[in-house]
Amino acid sequence: MTAIPVPAERHRQEVSTLSDAELVPLARMGDEPAIRAIIQRHNRRLFRTARAIIRNDAEAEDVVQAAYIKAFSNLAAFRGDAQFSTWLTRIALNEALARVRRQKNTTGLEEIDMQTRWGGDVLQFPSSLSATDPETELARSQARHLLENAVDELPDDFRAIFVLRDVEGMGTDEAASYLGIRPETAKTRLHRARKLMRQSIENQLSGAFSALFPFDGARCAFMADRVIAALRHKTP
DNA sequence: ACTTCATCGTGATTGCAGCC
DNA sequence: GGCTGCAATCACGATGAAGT
């Protein structure tokens, strides 16, 4: 049995189906469901973008929040020349870069690095596949940590382009314009970022390769027993 | 309707020059 | 010497026209 939507609820549902171009005028008039719809739609991209620059979850959340506040307070400034998402992401990016500059002035880089490395779990990679069993979930979680560590180890410039292109799936030109660099530079940085990612992951896994397909201990001894038994049986 | 081929656009790779 | 950006080139997939 489906409940009949009350007007406010119906408005919320209708609003969630609108395009950004349709939502913006509503948001300008202070329409709360429209503002919520915009936030829900762009949260992930903004967080990832901010997280790529900041390397700290809590800080990235702050940045995204500040970016939304700034954007909704200055919606009149959005002329509609570019996509709304582009405008929004650019604000978050500027906010994140400004915060990094402030941090560099007030905090040692090493300290920021420690916060990042030991600050816990993070950069939300998409988990489109549903969990199946605990082992699979554990393996997926380990793989995510591996990737997140590798991303965190990238130099700032490389990390930004890597996240925008490979995590967010932007095109070269779009990502380059977000970062204010030439597309050629974006390509080179992405290529080198991927190379560094490969090296980093290989380093993290170097011990693991030798442990693949283990065949030792009791299993090995049992095999030896069987071979010897077979040979004894064969020789007269 | 299907297959083949040419064209175009986008991304990947690499070499080289300039800078610190 | 290593890092970075630029430019040239290569590779590949998407798309549309032509032929069967």
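Residues numbered from 1 in each chain as written. Chains lettered and ligands numbered in written order. Predicted model: local features only at pLDDT ≥ 70, side-chain atom pairs only at ≥ 80, totals over all residues. Heavy atoms only, no water.

- Going by what an unreviewed UniProt entry lists, chain A is known as RNA polymerase sigma factor and is assigned to Rhizobium anhuiense.
- The heading Sequence similarities (unreviewed entry) in the UniProt record of chain A holds the text "Belongs to the sigma-70 factor family. ECF subfamily." (UniProt positions renumbered as here; feature names shortened; annotations may be inferred.)

## With respect to the overall build of chain A
Right, on to step 1. When you go through chain A residue by residue, the secondary structure sums to 11 helices and 0 strands.
Right, on to step 2. The secondary structure elements of chain A, listed N-terminal to C-terminal, are α-α-α-α-α-α-α-α-α-α-α.
Right, on to step 3. Going through the 236 residues of chain A one by one, you find that 34% of them count as buried.
Right, on to step 4. Contacts in chain A between residues far apart in sequence, at least 24 positions, make up 62% of those at least 6 positions apart.
Right, on to step 5. As displayed, chain A offers around 15100 Å² of accessible surface, 56% of which is attributable to carbon and sulfur atoms. (Helix = DSSP H or I, 4+ residues; strand = E, 2+ residues; numbered from the N terminus. Buried < 20%, exposed > 50% of the residue type's maximum accessible area, 1.4 Å probe, protein only. Contact = heavy atoms within 4.5 Å. Areas by Shrake-Rupley, 256 points an atom, 1.4 Å probe, with all protein chains shown as cover.)

## Comments concerning the protein's contact with DNA strand C
Right, on to step 1. Taken together, Phe158, Arg182, Glu184, Thr185, Thr188, Arg189 and Arg192 make up the full set of residues adjacent to DNA strand C.
Right, on to step 2. Between Arg182 and DNA strand C, the recorded distance is 2.6 Å, taken from a side-chain N or O atom to a phosphate oxygen.
Right, on to step 3. In terms of residue count, helix α10 (residues 183–210) provides more of the surface near DNA strand C than any other element does, 5 residues in total.
Right, on to step 4. Here the surface near DNA strand C is built from residues that sort into 1 nonpolar, 2 polar and 4 charged. (Near = heavy atom within 4 Å. Polar contact = N/O pair within 3.5 Å; in protein donor to acceptor, adjacent residues only side chain to side chain. Nonpolar A, V, L, I, M, F, W, Y, C, P; charged D, E, K, R; others polar.)

## As for the nonpolar core
For soluble globular proteins, nonpolar side chains are generally found buried alongside one another.
Right, on to step 1. With 51 residues, the main nonpolar core has Phe84, Trp87, Leu88 and Phe162 as its most contacted residues.
Right, on to step 2. A total of 9 residues in this core trace back to one element, the largest contributor, which is helix α3 (residues 32–54).
Right, on to step 3. Domain assignment of the residues forming this core places at least three in each of domain 1 (17–106 + 216–234) and domain 2 (116–211).
Right, on to step 4. Not counting residues within four places of it along the chain, the set of residues in contact with Phe84 comprises Asp20, Val24, Ile38, His42, Leu75 and Phe78. (Core = buried A, V, L, I, M, F, W, Y, C linked by side-chain atoms within 4.5 Å. Domains from an automatic or database assignment.)

## Section: the packing of α3 against helix α4 (residues 57–73)
Right, on to step 1. At their nearest, the axes of α3 and α4 sit 8 Å apart, and the two run at 135° to each other. As summarised for this structure, α3 and α4 are arranged oblique, according to the angle between their axes. The two elements α3 and α4 meet at a crossing, and its hand is right-handed. Seen from α3, the contacting residues are Ile35, Ile38, Ile39, His42, Asn43, Leu46, Phe47, Ala50, Arg51 and Ile54; seen from α4, they are Asp57, Glu59, Ala60, Glu61, Val63, Val64, Tyr68 and Phe72. (Axes fitted to C-alpha atoms, helices over the stretch in contact; angles between N-to-C directions. Parallel < 35°, antiparallel > 145°, perpendicular 65-115°, else oblique. Left-handed = near helix turned anticlockwise from the far one by under 90°.)

## Observations regarding helix α8 (residues 156–167)
Right, on to step 1. For α8, with 12 residues, the first-to-last C-alpha span of 15 Å sits near the 16 Å given by 1.5 Å per residue.
Right, on to step 2. Among the 12 residues in α8, 9 count as buried, and that is most of the element.
Right, on to step 3. Every buried residue belonging to α8 is among Phe158, Arg159, Ala160, Ile161, Phe162, Val163, Leu164, Arg165 and Val167, and all of these are buried.
Right, on to step 4. Looking at the residues trailing α8, positive phi occurs at Gly169, about 75°. (Expected span 1.5 Å × (residues − 1).)

## Overview of the environment of Pro155
Right, on to step 1. Within the secondary structure, Pro155 is located in the loop between α7 (134–153) and α8.
Right, on to step 2. On the accessibility criterion, Pro155 (40% relative accessible area) is partly exposed.

## Points about the side chain of His42
Right, on to step 1. Along the chain, His42 turns up in helix α3.
Right, on to step 2. Those residues within four positions of His42 in sequence are excluded, and the remaining contacts are Asp20, Tyr68, Phe84, Ser85 and Leu88.

## Focus on the protein's contact with DNA strand B
Right, on to step 1. Within the structure, DNA strand B sits among Arg165, Gly171, Thr172, Lys187, Leu190, His191, Arg192 and Arg194.
Right, on to step 2. Near the protein, meaning within 4 Å, the atoms of DNA strand B are sugar or phosphate in a fraction of 70%, with bases accounting for the rest.
Right, on to step 3. A distance of 2.7 Å separates a phosphate oxygen of DNA strand B from a polar atom in the side chain of His191.
Right, on to step 4. Within the contact set of DNA strand B, a phosphate oxygen lies 2.5 Å away from a side-chain nitrogen or oxygen of Arg194.
Right, on to step 5. Here the surface near DNA strand B takes 5 residues from α10, the largest share from any one element.

## Focus on the pattern of salt bridges
Note that side chains of opposite charge can pair when their charged atoms are close.
Right, on to step 1. Per the counting criterion, the structure on display carries 5 salt bridges.
Right, on to step 2. The salt bridge partner of Glu184 is Arg182, with a shortest N-O separation of 3.6 Å.
Right, on to step 3. Glu184 sits in the partly exposed class, given a relative accessible area of 47%.
Right, on to step 4. With relative accessibility at 56%, the residue Arg182 sits in the exposed group. (Salt bridge = Lys/Arg side-chain N within 4 Å of Asp/Glu carboxyl O.)

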